[in-house]
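The residues making up each chain are set out below.
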Amino acid sequence: MNKLRLGLSMAALALLAGCTTAPVARDEAHGQTMAIVGVTVVNPERDGADAAMADATVIVSGNRIRAVGPRASTAVPAGATRIDGKGRWLIPGLIDGHVHFFQSGNLYTRPDGADFNAVMPYAQEVARNKARLPATFKVWLASGVTSVIDIGGPFWNFDMRDIAAKTQAAPRVEVAGPLISMVDRVKLDLGDPPIIKIESPQAARALVARELERKPDFIKVWFIHQAGDDMTKQEAIVKAAGDAAHAAHLRLAVHATELDVAKASLRAGADYLVHSVFEEPIDAEFIALMKQNHALLCPTLFVRNGYAYALSNRWQATPEEQRLADPQILAAMHDLDTMPKAKIPPRVAKLIADKPPINAPTVSEQNLKKLWDAGIPVVMGTDAGNIGTLHGPSVFREMALMRDAGLTPLQVLRSATTNGARAMGRDDLGAIAPGKLADMVLLDADPLADVANLSHATQVIKDGTVYEPKALIDSIH
Ligand SMILES: [Zn+2]
């Protein structure tokens with residue numbers, strides 16, 4: 001993991017530099033000490049009885065965890081702020097390994113898939129998404145998500161990362177820039193397109209070079225293979241992007257949702273597959289290629305159903321979404337109820353009329369279980385921002401589907417913490433241990449008994465600052 005490029009903002013570098021040494025300047029500047037007393041500490045990287053330590057005390061100084069131990073033998077420093085952990089569980093902050101801040105989750109956010117420009121000009125939607133970043137950051141924290149990977153968007157994604165780093169109530173953010181794509185998406189091009197069609201290895205290298213100027217955390221390829229496309233030629237483009245990424249000590253993330261395309265991606269050097277293979281069972285060759293690359297995989301089980309529900313006007317907020325999503329987005333999710341018929345795109349009108357069945361993602365769930373059992377590191381991620389997949393509480397939809405796939409609550413939590421930190425290439429996140437950054441979630445129900453309990457946060461701690469989910473949401477009304 002050391003070969004991987006770590007978080008790149010100056011703040012992140014400063015924090016990392018302090019990781020192996022005694023107190024860092026930043027901590028002293030914070031100056032505050034906090035003790036969570038009598039809590040059950042969950043260690044998602046451990047198995048069996050070791051995964052939970054009951055009646056523990058956790059000491060946080062500034063933005064770092066200083067001590068974790070039995071309450072009886074862990075002294076609370078004088079003057080420390082005490083949080084009563086009795087009857088509560090403390091987990092590492094959740095990490096979503098696949099989000100997009102250039103998309104809002106509402107109907108207007110992907111005109112290439114459903115063109116609502118007649119109702120909401122796309123330029124207005126993008127301007128809204130930029131202006132709304134502080135609220136979007138808050139909904140992530142409110143859901144207990146203290147880090148996210150934005151795995152592709154316009155060049156302004158890099159500005160978004162800077163804004164997040166400067167905003168206290170925001171998750172840590174890693175980013176990829178524009179997607180190196182096999183296809184055009186002209187309706188998304190307002191001058192800074194999130195998706196750029198690349199037709200040669202040389203063009204791929206040139207785009208990677210442009211992105212490197214902005215210090216991305218990943219290079220991302222959108223590997224769309226359509227009937228008649230030359231797979232060998234496409235694989236060469238992906239390999240060129242991958243080689244250029246690796247030469248810069250960056251990892252190659254690839255969208256590849258068919259088995260042959262996913263295999264081609266891995267042959268071309270993919271380090272992170274940002275979706276499952278959706279419709280075909282994976283096989284031994286695929287697992288061998290994943291292992292050969294030490295690749296990670298983010299299944300994104302819910303996102304396709306998000307589109308299906310929203311575009312047929314059957315999307316309903318879960319209780320967690322009602323409580324924790326951006327109220328402005330929630331209000332817009334039922335716009336089809338009142339939209340003039342003439343303005344509804346024909347494809348959407350047909351979906352509303354036909355109401356095609358929306359099935360559980362059975363094959364990708366089976367693939368997830370196979371991958372987990374084969375020892376492939378699986379990363380929880382939602383693809384939030386796509387239509388019907390809302391920033392923040394969509395993690396609870398995703399984790400419920402991972403449970404349905406047969407993962408235990410501990411395995412789901414590991415995918416959302418330990419493995420999320422691996423995806424970010426960081427060893428100072430994803431665990432509750434001395435020296436780690438103080439990103440944690442306090443729950444009033446046992447997350448190892450039921451993944452649904454992960455939505456029971458009473459407090460969310462990011463970088464040593466304590467937030468209450470309800471207060472975060474109330475502050476953005
Ligand atoms: Zn995505």
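Residues numbered from 1 in each chain as written. Predicted model: local features only at pLDDT ≥ 70, side-chain atom pairs only at ≥ 80, totals over all residues. Heavy atoms only, no water.

A. Local environment of the overall build of the chain. The helix and strand inventory of the chain stands at 18 helices and 17 strands. At 22 Å, the chain has a C-alpha radius of gyration in line with the 23 Å of a compact globule built from 477 residues. C-alpha extents for the chain along the principal axes are approximately 70 × 50 × 40 Å. Here the chain, with 477 residues, has 59% of them falling under the buried criterion. (Helix = DSSP H or I, 4+ residues; strand = E, 2+ residues; numbered from the N terminus. Rg over C-alpha atoms; globule rule 2.2 N^0.38 Å. Buried < 20%, exposed > 50% of the residue type's maximum accessible area, 1.4 Å probe, protein only.)

B. Examining the coordination of the zinc ion more closely. At this site the zinc ion is bound by His98 (NE2), His100 (NE2) and Asp383 (OD), with donor distances of 2.0 to 2.2 Å. We note that the donor set of the zinc ion lies within a single chain, spaced as H-x1-H-x282-D. Within this pair, whereas histidine 98 is found in strand β6 (residues 94–99), its partner aspartate 383 is found in the loop between α14 (362–373) and α15 (394–404), the two being separated by 285 residues in sequence. Taken individually, histidine 98 and aspartate 383 each receive the classification buried, so the pair is uniform in this respect. (Donors = N, O, S within 2.8 Å, 3.2 Å for Na, K, Ca; no water.)

C. Expanded view of the packing of aromatic side chains. For the structure shown, the criterion picks out 4 aromatic pairs. Both rings, one in tyrosine 108 and one in phenylalanine 116, keep their centres 5.7 Å apart while their planes meet at 85°; by these two values the pair is edge-to-face. Each member of the pair, tyrosine 108 together with phenylalanine 116, is buried. Relative to phenylalanine 158, the ring of phenylalanine 155 has its centre 6.0 Å away and its plane inclined at 45°; by these criteria the two rings are tilted. Both residues of the pair, phenylalanine 155 and phenylalanine 158, belong to the buried class. Just above the ring of phenylalanine 278 sits the side chain of arginine 304; from NZ or CZ to the centre is 4.1 Å. (Phe/Tyr/Trp six-rings, centres within 6.5 Å; stacked < 30°, edge-to-face > 60°. Lys NZ or Arg CZ within 6 Å of the ring centre and 35° of its normal.)

D. View of the pairing of strand β15 (residues 440–443). The alternating pattern of β15 places Met440 and Leu442 and Val441 and Leu443 on opposite faces, both of which are buried. As paired elements, strand β5 (residues 89–92) and β15 share 4 bridges and run antiparallel to each other. When the bridges of β15 are listed, tryptophan 89 appears paired with leucine 443. In the sheet, β15 pairs with strand β16 (residues 457–462) via 4 bridges, with the strands oriented antiparallel. Looking at β16, one finds that leucine 442 is bridged to glutamine 459. (Pairing = 2+ DSSP bridges.)

E. Region of the structure containing the sheet that holds strand β12 (residues 251–255). Across the sheet, which stays open at both edges, the 6 strands sit in the order β10-β9-β11-β12-β13-β14 with parallel pairing between neighbours. Edge positions in the open sheet fall to β10 (195–197) and β14 (296–297), since each of these has one partner strand only. Note: strand β11 (residues 218–222) against β12, 5 bridges, orientation parallel. In the strand pairing of β12, tryptophan 222 is matched with histidine 255. Helix α6 (residues 201–212) rests against β9 (179–181), β10 and β11 of the sheet, and its axis sits at about 170° to β9. (Contact = heavy atoms within 4.5 Å. Axes fitted to C-alpha atoms, helices over the stretch in contact; angles between N-to-C directions.)

F. Structural view of the sheet that holds β6. Pairing is parallel across the open sheet formed by 3 strands, whose spatial order is β6-β7-β8. Lying at the two open borders of the sheet, with one neighbouring strand each, are β6 and β8 (172–175). Taken over all neighbouring pairs, the strand axes of this sheet differ in orientation by 15° on average, direction set aside.

G. Geometry of the pattern of salt bridges. Overall, the coordinates contain 24 salt bridges when judged by the stated rule. Between arginine 214 and aspartate 159 there is a salt bridge, and its shortest N-O distance comes to 2.8 Å. Of the two residues, arginine 214 is situated in the loop between α6 and β11 and aspartate 159 in helix α5 (residues 156–166); the sequence distance between them amounts to 55 residues. Owing to a relative accessible area of 37%, aspartate 159 belongs among the partly exposed residues under this scheme. When the shortest N-O distance is used, the salt bridge between lysine 470 and aspartate 474 registers 2.7 Å. Of this pair, lysine 470 and aspartate 474 both sit in helix α18 (residues 469–474), 4 residues apart, roughly one helical turn. Connected through shared salt-bridge partners, Arg110, Asp112 and Arg185 make up one network. (Salt bridge = Lys/Arg side-chain N within 4 Å of Asp/Glu carboxyl O.)

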